[in-house]
Amino acid sequence: MKTNIFKIIFSVILCLSTGQASAQFYVKSSNQQFVEDAVRDAFFVFSHSYQIRDKKGELYGLNSQKDFGVECALGIKVADGVLLTVNAVEPWNYDPKFKKYQDKYTPVTNKTQYTALGDKADYKDFGFNSDSVRPTTSQFVSKVETSVFDRKGLLPDRGIGEKKGWMIWVVADKDMDIAKSAAVDYVIYRYETTADSNDSVKIDKPGGDRTIVGGAYVISDFSEMGTVRFKVCGVVRNIGEQWYLSFPFAADELNAVEAKVAPKAEADLGVDELTPVGDKKKQKRSKHKKGNNE
């Protein structure tokens, strides 16, 4: 009986040490909790909504909505800005609904907002400026220069080669409405990989049915006696149901990598209805004037 108990305890410890515990049974070790406490303030939710404009300058939303599309993604604070996946920076390029309109309409940013992670979402203006977007060594990750977080965040890891760090997945209940809540949890485990200019490696997502908000790969840096810092090495992204780890700083000190354009969405989701976005009062006055003339 004692032997069986020891086997069960050993199995649980082994499962946690490799980070493969499912969402239904996931207990954080003291080391995992330490990593979470050290880096969680570096994460936030970024929301980017856009409209489309015709050649006459009229703006349109979609299906009775003011916005044509909205993309919410995990942002990562770094020392001189933030890291965002390219679908958050230019959501229209990865929105299948925009494909059939792209020849006659121009996408226009409507709002960019951010909220800290917590039970209740509190979105504030991000003040996004496309001129502040900088390419990284990954075609799927951009750095946006901003002072909205007082330029405080994780330091970049610019080294290449073998890495021994921590995978951090930011997850939420599958029924969570990210427009109202940013209540998240973390799945953290040790992970070894190789960072190089090949950009991305395929990774397995955590088990369970929770929604993945995003994630990052960090490594520890012992800069001084008794001082541990964490540097961001990779950013989690997905293409459909497949998940990848991209390296925005790999070989950054060695090569000036030309920015590439990530693949755009190719799907067409069928018939959608454009919704004019304008001054409703102006539209009513115009209709009233037309009726009087008649």
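Bear in mind the structure is a predicted one, so any value in this text is a computation, not a measurement.

Student: What is the right way to read the overall build of the protein chain from this model?
Tutor: A tally of regular secondary structure across the protein chain gives 4 helices and 16 strands. Residues classed as buried in the protein chain amount to 40% of the 294 residues present. If you take every contact in the protein chain between residues at least 6 apart in sequence, the share linking residues at least 24 apart comes to 72%. Summed over all atoms, the accessible surface of the protein chain reaches about 17,300 Å², with 48% contributed by carbon and sulfur.

Student: What am I meant to see in unusual backbone geometry here?
Tutor: Leaving glycine out, the prevailing phi sign among residues is negative, and the prevailing peptide bond configuration is trans. For S64, which is not a glycine, the phi torsion comes out positive at approximately 70°. By the secondary structure assignment, S64 is in the loop between β2 (59-62) and β3 (69-78). At R151, a position not held by glycine, the phi torsion is positive, near 55°. For R151, the position within the fold is in the loop between β8 (141-144) and β9 (155-156). Overall, R151 belongs to the partly exposed group, its relative accessible area being 48%.

Student: Honestly, the pattern of salt bridges in this entry has me stumped. Any pointers?
Tutor: Any two side chains of opposite charge can pair if their charged atoms end up close together. Inspection of every chain in the model, using the stated rule, returns 12 salt bridges. Here D185 and K28 are joined by a salt bridge, their closest N and O atoms 3.0 Å apart. Taken together, the positions of D185 in strand β11 (residues 185-195) and K28 in the loop between α1 (2-18) and α2 (30-39) put the pair 157 residues apart, joining distant regions of the chain. Its relative accessible area of 25% is what places K28 among the partly exposed residues. The shortest N-O distance in the salt bridge between E145 and R134 comes to 3.6 Å. You can see E145 sitting in the loop between β8 and β9 and its partner R134 sitting in strand β7 (residues 133-135), a full 11 residues away along the chain. The exposure class of E145 is partly exposed, given its relative accessible area of 35%.

Student: Before we go on, may I ask you to explain the nonpolar core in this structure?
Tutor: The tendency in soluble globular proteins is for nonpolar side chains to be buried side by side. Of all hydrophobic cores here, the largest spans 23 residues; its most connected members are V35, F43, L83 and I168. For this core, the elements supplying multiple residues, two or more each, are α2, β3, β10 (161-172), β11, β13 (211-224) and β14 (227-239). Counting residues per element, this core draws most heavily on β10, which supplies 4 residues. Counting residues in hydrophobic clusters, the runner-up holds 16 residues, among them V187, Y217, I219 and W243.

Student: What is the right way to read the pairing of strand β15 (residues 242-246) from this model?
Tutor: Within a regular strand, the side chains alternate between the two sheet faces. Strand direction decides the pairing type here: strand β12 (residues 200-203) and β15, joined by 4 bridges, are antiparallel. The partner of S200 across the bridge, within β15, is S246. Pairing analysis gives 5 bridges linking β14 to β15, with the strands arranged antiparallel. Bridged to N238 within β15 is W243.

Student: Hey, could you run me through the environment of V201 in this one?
Tutor: Position of V201 relative to the elements: it lies in strand β12. As a C-alpha pair, V201 and G234 span 33 residues in sequence and 9.9 Å in three-dimensional space. Among residues more than four places away in sequence, those in contact with V201 are T193, T194, W243, Y244, L245 and F247.

Student: What exactly am I supposed to notice about α2 here?
Tutor: Residues spaced three or four apart along an α-helix point in a common direction, a consequence of the helix completing one turn every 3.6 residues. Burial in α2 covers these residues: Q32, V35, E36 and V39. Buried residues in α2, looked at end-on, bunch into an arc of 100°, giving them a common side.

Student: Looking at this structure, how should I read a nonpolar patch on the surface?
Tutor: A grouping of F34, F222 and V228 is seen on the molecular surface, where their side chains present a nonpolar patch of about 310 Å² in accessible area. Mapping F222 onto the fold places it in strand β13.

Student: Please explain the packing of aromatic side chains as it appears in this structure.
Tutor: Pairs of aromatic rings are described using the distance from one ring centre to the other and the angle between the two planes. By the definition in use, this model includes 18 aromatic pairs. Through a chain of ring-to-ring contacts, three or more aromatic side chains come together here, namely Y50, Y60, F68, W92, F98, Y101 and Y105. For R237, the ring lying beneath its charged end belongs to F140, and the centroid distance is 3.5 Å.

Conventions used here
Per chain, residue numbering runs from 1 following the sequence as it is written. Local features in a predicted model are, by the rule used here, given only for residues with pLDDT of at least 70; side-chain atom pairs are given and counted only at 80 or more, and totals for whole chains, interfaces and linings are based on all residues. Hydrogen atoms and water are omitted, and side-chain values are computed over all heavy atoms in the structure. Each helix is a run of DSSP H or I of at least 4 residues and each strand a run of E of at least 2, with the numbering of both proceeding from the N terminus. Buried, partly exposed and exposed residues are distinguished by accessible area as a fraction of the type maximum, computed with a 1.4 Å probe on protein chains only: under 20%, between the cut-offs, and over 50%, respectively. In what follows, a contact means two residues having at least one pair of non-hydrogen atoms within 4.5 Å. Here the Shrake-Rupley method, with its probe set to 1.4 Å, supplies the accessible areas, and only the displayed protein chains count as covering residues. Criterion for a salt bridge: a side-chain nitrogen of Lys or Arg within 4 Å of a carboxyl oxygen of Asp or Glu. Throughout, nonpolar core names a set of buried Ala, Val, Leu, Ile, Met, Phe, Trp, Tyr and Cys residues whose side chains join them through atoms within 4.5 Å. At least two bridges found by DSSP between two strands are what make those strands a pair. Comment: arc refers to directions from the helix axis out to C-beta atoms. Each patch groups residues whose relative accessible area exceeds 30% and which form no salt bridge, using 9 Å between like charges and 5 Å between nonpolar side chains of Val, Leu, Ile, Met, Phe, Trp and Tyr. Each aromatic pair joins two rings of Phe, Tyr and Trp (for Trp, the six-membered one) with centres within 6.5 Å, and gets the label stacked for planes under 30 degrees apart, edge-to-face for over 60, and tilted for any other angle. Placement of a charge over a ring requires the Lys NZ or Arg CZ to be within 6 Å of the ring centre, with the centre-to-atom vector within 35 degrees of the ring normal.

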